[in-house]
Amino acid sequence: MTPIVAVVGGGQLARMMAAPATSLGITLRVLVESSEAAAALPAHQTVVGLPTDPDAIDRLLAHPRPDALTWEHEHIPAEVFDAAAAVGVPARPGLHALLYAQDKIEMRGRMDALGLPNPAWAHVETEADVEDFLAVHGGHGVLKTARGGYDGKGVRVIDSPHAAVDWLRAAADGGPRVLIEEKVPFERELAVLVARRPSGEMREWPTVESIQRAGVCSEVIAPAPDLSPALAAQAASIGDAVASGLGVVGVLAVELFLAGDRLLVNELAMRPHNSGHWTIDGAVTSQFEQHLRAVLDLPLGDTAATAPWTVMANVLGGARARLTDALSEVDDAGARIELYGKGVRAGRKVGHVNVSAATRDEAYARAVAAAAIVRDGGGA
């Protein structure tokens, strides 16, 4: 029988695992929220349900048993890990690692323990806690919910303790805990992707720069422009230290702030990540193939870039009701369009475009132009 990888979550990340799974002869079994989910059509096998539904998890793990269970998002209840363990299916990454991508307070504490570069931070429970932190950090801070935030959600820049009151009250009533971090005067946001298999083998892709607009990734440039060899090596070293220190299995994304000559850990994701979509067309082995290899403990593929520059431009929402209408309008033969099969709404990631070229400027201009056409015909 062919290997089976079960995936919790039916979004675009699970969808993009389908092609490499097919190429490798792996059966992809996906827990999708509905039959209309992005991954529902390309997956080889689907189970409709939510990760909070024990019956759906039982069906996902049913005979023939998967060889590994993995995820395309971090919002996985602990009971899912228990169910996998009960039937002998390895969960990768395990809860011991995934915890640090689920909870920012746990993550910050673990980064400190590993000696990795954190911004100044504190777990806050009262307005007085917030006031004390602001007093020693220039009167400004970044308030975050420990769980549940992504793409700019659960993040708030504040300059007054009063701005934290609603989140502190919610935390006191059983909601997510709250932390505050220094407002880092960063110049750029970088990301390093690392894959690790259970045997300990690790491979890193070139460090990239992500460009954010309104708290959401808009473009990714690979490799990160004008990054010194020393900083590139430091970024890779941080990625390796996180992967090995937390016992991650699969693809790990470490988002970093670059402030002067300092790299600071921003966030972690233990799954394929938006900053790695460029690898589909710009690296020998894509992050999606590598994730499958890693969770099955197969030898990892080469992570070298296949072009001097690759730029990924996200398609964020748009004016089109049907994105495929744009396919006949993009006349750049080198623009690699990936659509996610999702309904269009403002700000939603519904696709991306990769372009590889000899120069950064050319790759960037062409990727952004093609994404604009896909989004709404090229308008602003």
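Being a predicted model, the structure only gives us computed values, none of them experimental.

What counts, and at which threshold
- Residues numbered from 1 in each chain as written.
- Predicted model: local features only at pLDDT ≥ 70, side-chain atom pairs only at ≥ 80, totals over all residues.
- Heavy atoms only, no water.
- Helix = DSSP H or I, 4+ residues; strand = E, 2+ residues; numbered from the N terminus.
- Buried < 20%, exposed > 50% of the residue type's maximum accessible area, 1.4 Å probe, protein only.
- Polar contact = N/O pair within 3.5 Å; in protein donor to acceptor, adjacent residues only side chain to side chain.
- Contact = heavy atoms within 4.5 Å.
- Phe/Tyr/Trp six-rings, centres within 6.5 Å; stacked < 30°, edge-to-face > 60°.
- Lys NZ or Arg CZ within 6 Å of the ring centre and 35° of its normal.

Let's talk about the side chain of serine 210
Consideration 1: With respect to the element layout, serine 210 can be found in strand β11 (residues 208-213).
Consideration 2: For serine 210, a relative accessible area of 9% corresponds to the buried category.
Consideration 3: Only 3.2 Å separates the side chain of serine 210 from the side chain of glutamine 212, close enough to count as a polar contact.
Consideration 4: Aside from chain neighbours lying at most four places away, what touches serine 210 is Glu189, Cys217, Glu219 and Val220.

A short note on the packing of aromatic side chains
Consideration 1: Summed over all chains, the structure comprises 2 aromatic pairs.
Consideration 2: When the centroid spacing of 4.9 Å and the interplanar angle of 50° are considered together, the rings of tryptophan 71 and phenylalanine 81 count as tilted. With a gap of 10 residues between them, tryptophan 71 in strand β4 (residues 68-71) and phenylalanine 81 in helix α4 (residues 78-86) connect regions that are remote in the sequence. For the residue pair tryptophan 71 and phenylalanine 81, the accessibility class agrees, reading buried in each case.
Consideration 3: Relative to phenylalanine 257, the ring of phenylalanine 186 has its centre 4.5 Å away and its plane inclined at 15°; by these criteria the two rings are stacked. In this pair, phenylalanine 186 sits in the loop between β8 (178-181) and β9 (188-196) while phenylalanine 257 sits in strand β13 (residues 250-259), placing the two residues 71 residues apart along the sequence.
Consideration 4: Across from the ring centre of tryptophan 309, 6.0 Å away, lies the NZ or CZ of arginine 360, which sits over that ring.

Just distances and angles here, no functional claims.
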